[in-house]
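A structural walkthrough
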Amino acid sequence: MNFREYIQQGFVFLDGATGSNLQEHGMQAGECPELWILNHPDVFVELQKQYILSGSDVLYAPTFTCNRIKLAEYGLEDKLHEMTQQLVALSRQAVEESGTTRKIYIAGDMTMTGEQLYPMGTLTLEELIDVYKEQVNALIDAGVDLFAVETMMSLQECRGAVLAIKETCGDTIPILVTLTFQDDMRTLFGTNPETAVIVMESMGVDAVGLNCSTGPDKMHEVVQRMLRVSSIPLVVKPNAGLPKLEDGKTTYDMDAEEFAKEMLPLAQMGATILGGCCGTTPLHIRKMIQNLENVKAEIPEKKQIRALTNERNFLEIDLDGAFSIVGERINPTGKKNLQEELRQKKMDLVIDMAEEQVAKGAKILDVNMGTNGIDEKEMMLMAVNELTLAVDVPLCIDSSYVDIVEEALRIYPGRALINSISLEPEKIKHLIPAAKKYGAMFILLPLSDKGLPENLEEKKEIIHTILTEAKKYGLSEKDIVVDGLVATIGANKKAAIEVLETIRYCKEELGVATICGLSNISFGLPDRSYVNSIFLA
C-alpha cells in the first residue's frame, strides 16, 4: 500500500526524537548531527530499530539539517549528496535488521536553513528553493518514500520546501508539513494555525500539523483550530513536555506514561498521524501506541473552506457570511501621483493607500501596477513584498499579463486571489495551472476572446466552461469567485437584473462565491454615487 492510501486507513505512528537520544550516547551540543551519526552508525541504527519494535510505521531519516546552508557551517556542503545517501541507508539498515514484516516508510527529513528570507533577510525565495531542490534530489536518489518538512517557523519557508519538492518530482512522493507554534498560538513569524493549514492544503501537501513546540498537554487549542479547517490528515509530534537543565544536561519533564496519557485526547479530537519530538524515546512511542489500541481514528471529511490568507491570518469567504469589500485604489490608472512614484520605484503612496483602505474596512487589497514607463513585473513584485509586511489582509493580484501574475503568486507568502481568468486561451492555458500550483483562488470573469457575452445564457455558459476546465486541474467551486460582470444601465436597462440573477444562480445552483465591480453600473450617468449605493443595497 502506498503512503497516501495508508494514511487514509487509520492511525499512522511516527518515530520519536533523534537528537536528544543521541546526546545520551555522547553527541555534544554544537556538533554536526549528521556527521556524528555517520561516525557512530551503530548507535543510530539501534535507536531506529527500537522505534520499529515499539510500533513506529515511519522512520525519519537523519537528514534534518543536511542542506547546503547548514552543512556549510561545518565545511561539509560538498558532501551533501554522499552524506544523504549514507544517512538514508542507515534507516534502511535499521528496517532490515529489525526483522519486521510490516511495511516501514522512510521519510526524507527537511527543515529551515537558519537564514532569513527577503524582505526580512537577504536570502531570496529562489535561492531557498534551489537549496531545498539540492536536498530533495539527494533524498530522491537515496530512495525515500515521503518527505517530512518539519519544525518550520516560517510559512514562506514551508512554501519554498513544497515548491522545491513538487518542481523536482511532481506529485509522485507524498509530503508532510509540520510547523512549530509558540504560547500565543502563532509561529515565530506570526502565522496562526488555520492559515498554515489553508495554505499548505491548497498547495497540495498530503498531511499538515505541528511538531516540537511543547508537550501534548499544551497543543489542544492549536489542534482544534487546525482540525476546523483541514480536510487532510493532521500530524501531531510533540516534545516530552518542557525542557529543563539538570547538571548541565537538557531533560524533559514528561515520562512515557504521562506522554501516552496526554496524546489520547489529541487522537480523540481527530489527529491521526502521531509521534514524538524532543525528549521522547522508543518507550514513549510504545506506550502511546498501546494507549490508542481501542481508539478509532477519525479521518477528516472533505471540508476545505473558502479562504484567502496573507502570511499571518486568513479571511473566510462564506456564502452565507459577511460581505467583504475589495480595496481597488492601488492602481495607477488616472492617478498621476502614483504613476510618478512608481516610475521612481517608490512605494510610499502604495503603502499609504493600502493602510487607508484597510482602516476604512477593506478586507482584501487589489494590486495593479499597469502603467506606461515602468517595469510592471518588477514593481508588482516590489509591491507584493512591501504590502505583505505593511498590512494584514490578503492580496488580489491584478495584471493583464500572465507571467506577471505567476511571478507574483510565486513570492506571495499566503493564499492570494487572481484577478482574473476569462475564457481567453492564454489565461485558461497558464493561469488555471498556476492557481493550482500556488494554491490561489481566482476570479472567474465570464467573458471570452470574442468579448462580452451577448446575454445571460451565454454568460452562464462561459461560467460552466471555465469551471469545468478548472476541475480538470483538481480545483473546485471553493477555489473560484465569479465576477457578476456589471454593465451600465445607461446602455442596457436589464444590466442590473442580469447581475443579480448571476449572483443568485452562482450561489444557489452552483455553490460558488461572487464578486462585483460596482461602479460600472452608473457609467455615463449623473449622480453616480446614488445609483451605485442603491445597486449595492
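Overview of the structure. (Residues numbered from 1 in each chain as written. Predicted model: local features only at pLDDT ≥ 70, side-chain atom pairs only at ≥ 80, totals over all residues. Heavy atoms only, no water.)

Details of the nonpolar core
Put simply, the rule reads: Take the buried residues of types Ala, Val, Leu, Ile, Met, Phe, Trp, Tyr and Cys, join any two whose side-chain atoms come within 4.5 Å, and each joined set is a nonpolar core. Note on exposure labels: buried denotes an accessible area under 20% of the residue type's maximum, exposed denotes more than 50%, and partly exposed covers the range between, all computed with a 1.4 Å probe on protein chains only. In this description a helix means any DSSP run of H or I spanning at least four residues, a strand means any run of E spanning at least two, and both kinds are numbered starting from the N terminus. Throughout, a contact is declared for two residues whenever any of their heavy atoms are within 4.5 Å.
Core analysis: the largest hydrophobic core is formed by 146 residues, its most contacted members being Met 200, Val 236, Leu 274, Met 288, Met 369 and Phe 442. Sort the elements by how many residues they give to this core and helix 7 (residues 125-142) lands first, with nine residues. Excluding its chain neighbours within four sequence positions, the residues that come into contact with Met 369 are Ile 330, Pro 332, Leu 342, Met 347, Val 350, Ile 374, Glu 376, Met 379, Met 380, Ala 383 and Asp 398. Tyr 60, Ala 107, Ala 148 and Ala 207 belong to the second-largest nonpolar core, a separate cluster that totals 14 residues.

Comments concerning the side chain of Gln 357
As for its placement among the helices and strands, Gln 357 is situated in helix 14 (residues 348-359). A relative accessible area of 8% means that Gln 357 is categorised as buried. Contacts of Gln 357, omitting those with residues within four sequence positions, involve Gly 327, Glu 328, Arg 329, Ile 330, Ala 362 and Leu 365.

Overview of a negative patch on the surface
Put simply, the test is: Patch definition: residues with relative accessible area over 30% and no salt bridge; like charges joined within 9 Å; nonpolar side chains (Val, Leu, Ile, Met, Phe, Trp, Tyr) joined within 5 Å. Calculation of accessible area relied on Shrake-Rupley with a 1.4 Å probe; when residues are assessed, cover is drawn exclusively from the protein chains displayed. Basic side-chain nitrogens of Lys or Arg form a salt bridge, by our definition, when they fall within 4 Å of a carboxyl oxygen of Asp or Glu. We treat Lys and Arg as the positive residues and Asp and Glu as the negative residues; His and chain ends play no part in the count. One atom stands in for each charge, and that atom is NZ of Lys, CZ of Arg, CG of Asp or CD of Glu.
A cluster of like negative charges, contributed by Asp 348, Asp 352, Glu 355 and Glu 386, occupies part of the molecular surface. When residues of the negative patch are assigned to their parent elements, the largest contribution, three residues, is made by helix 14. Counting through the fold element by element, Asp 348 comes out in helix 14. For Asp 348, a relative accessible area of 52% gives the class exposed.

Observations regarding the pairing of strand 9 (residues 249-252)
On a regular strand, each side chain points to the face opposite its neighbour's, so the side chains alternate between the two faces of the sheet. This is how it is decided: Whether two strands pair depends on DSSP finding at least two bridges between them.
Alignment of strand 8 (residues 243-246) against strand 9, held across four bridges, turns out to be antiparallel. Counted as the bridge partner of Glu 246 is Lys 249 from strand 9. Hairpin connection between strand 8 and strand 9: a loop of two residues separates the two successive antiparallel strands, and Asp 247 in this loop has a positive phi of roughly 55 degrees.

A few points about a nonpolar patch on the surface
On the surface, Phe 323, Ile 325 and Leu 536 cluster together into a nonpolar patch covering about 330 Å² of accessible area. Relative to the assigned elements, Phe 323 resides in the loop between strand 12 (314-316) and strand 13 (325-330).

Topic: the packing of aromatic side chains
Cut-off, in case you're wondering: Put simply, two rings from Phe, Tyr or Trp (the six-membered ring, in Trp's case) pair if the centres are within 6.5 Å, and we call them stacked under 30 degrees between planes, edge-to-face over 60, tilted for the rest. A positively charged side chain is recorded as over a ring if its NZ (Lys) or CZ (Arg) lies within 6 Å of the ring centre. The angle to the ring normal must also be within 35 degrees.
Under the criterion given, the structure shown has three aromatic pairs. Seen in terms of ring centroids, Tyr 6 and Tyr 105 are 5.4 Å apart; in terms of plane orientation they differ by 35 degrees. Their pairing is tilted. Highlighted residues: Tyr 6 in helix 1 (residues 3-6) and Tyr 105 in strand 3 (residues 105-110), separated in sequence by 99 residues. Owing to a relative accessible area of 23%, Tyr 6 belongs among the partly exposed residues under this scheme. The exposure class assigned to Tyr 105 is buried, which follows from its relative accessible area of 4%. One Lys or Arg, Lys 460, reaches over the ring of Tyr 505 and ends 4.4 Å from the middle of that ring.

Structural notes on the pattern of salt bridges
Evaluation of the coordinates by the stated rule reveals 34 salt bridges. Two residues, Glu 167 and Lys 133, come together in a salt bridge whose shortest N-O distance is 2.9 Å. Taken together, the positions of Glu 167 in helix 8 (residues 155-169) and Lys 133 in helix 7 put the pair 34 residues apart, joining distant regions of the chain. On the basis of relative accessible area, Glu 167 is assigned to the partly exposed category, the value being 28%. Residue Glu 167 is joined to Lys 437 by a salt bridge in which the shortest nitrogen-to-oxygen separation is 2.8 Å. One end of the pair, Glu 167, is in helix 8; the other, Lys 437, is in helix 17 (residues 425-438), and 270 residues separate them in sequence. If you follow the salt bridges from partner to partner, you end up with Glu 126, Lys 133, Glu 167, Arg 410 and Lys 437 in one network.

Side note on empty space enclosed by the protein
Worth spelling out the cut-off: A pocket, in this scheme, is an open set of points on a 1 Å grid over the protein atoms alone with protein on both sides within 12 Å along at least 5 of 7 lines, while a cavity is a set where a 1.4 Å probe fits but cannot get out; residues line either one if an atom lies within 4 Å of a point. Grid points are joined across faces, edges and corners, and a volume is the space filled by probe spheres set on the points. Gly counts as polar in this scheme, as do all residues outside two lists: the nonpolar Ala, Val, Leu, Ile, Met, Phe, Trp, Tyr, Cys and Pro, and the charged Asp, Glu, Lys and Arg.
On inspection of all chains with the given rule, the structure shows one cavity of 30 Å³ or more. If you add up the space inside the largest cavity, you get close to 40 Å³. Of the residues belonging to the lining of the largest cavity, the class tally is three nonpolar, one polar and one charged.

Thoughts on the pairing of strand 14 (residues 362-367)
Here is the rule we go by: Clockwise travel from the first strand over the helix to the second, with the strands pointing away from the viewer, marks a crossover as right-handed.
Taking burial as the measure, the six residues of strand 14 include five buried ones, the bulk of the element. Relative to strand 14, strand 13 runs parallel, the two sharing four bridges. Across the sheet, the residue bridging to Gly 327 is Leu 365, located in strand 14. Here strand 14 runs beside strand 15 (residues 395-398); their pairing, made up of three bridges, is parallel. Looking across to strand 15, one finds that Asp 366 is bridged to Cys 396. A crossover links strand 14 with its parallel partner strand 15, the connecting element being helix 15 (residues 376-390), and its sense is right-handed.

Considerations on the sheet that holds strand 19 (residues 513-515)
Heads up, the rule is: Here an axis means a line fitted to C-alpha atoms, over the contact stretch when the element is a helix, while the angle between two N-to-C directions is reported on a 0 to 180 degree scale.
The strand order across the open sheet formed by seven strands is 13-14-15-16-17-18-19, and the pairing between neighbours is parallel. Two strands in the sheet have a free side with no partner beyond their single neighbour: strand 13 and strand 19. Put simply, the sheet's adjacent strands are angled 35 degrees from each other on average, direction ignored.

Concerning helix 4 (residues 41-54)
We apply this condition: Multiplying 1.5 Å by the residue count of a helix minus one yields the expected span of that helix.
Compared with the 20 Å implied by 1.5 Å per residue over 14 residues, the 20 Å span of helix 4 between its first and last C-alpha is a close match. Within helix 4, burial applies to Phe 44, Val 45, Leu 47, Gln 48, Lys 49, Tyr 51, Ile 52 and Ser 54. Against helix 2 (19-23), helix 3 (33-39), strand 2 (58-60), helix 6 (80-98) and helix 12 (282-291) lie the buried residues of helix 4. After helix 4 finishes, the residue Gly 55 shows a positive phi value of roughly 120 degrees.

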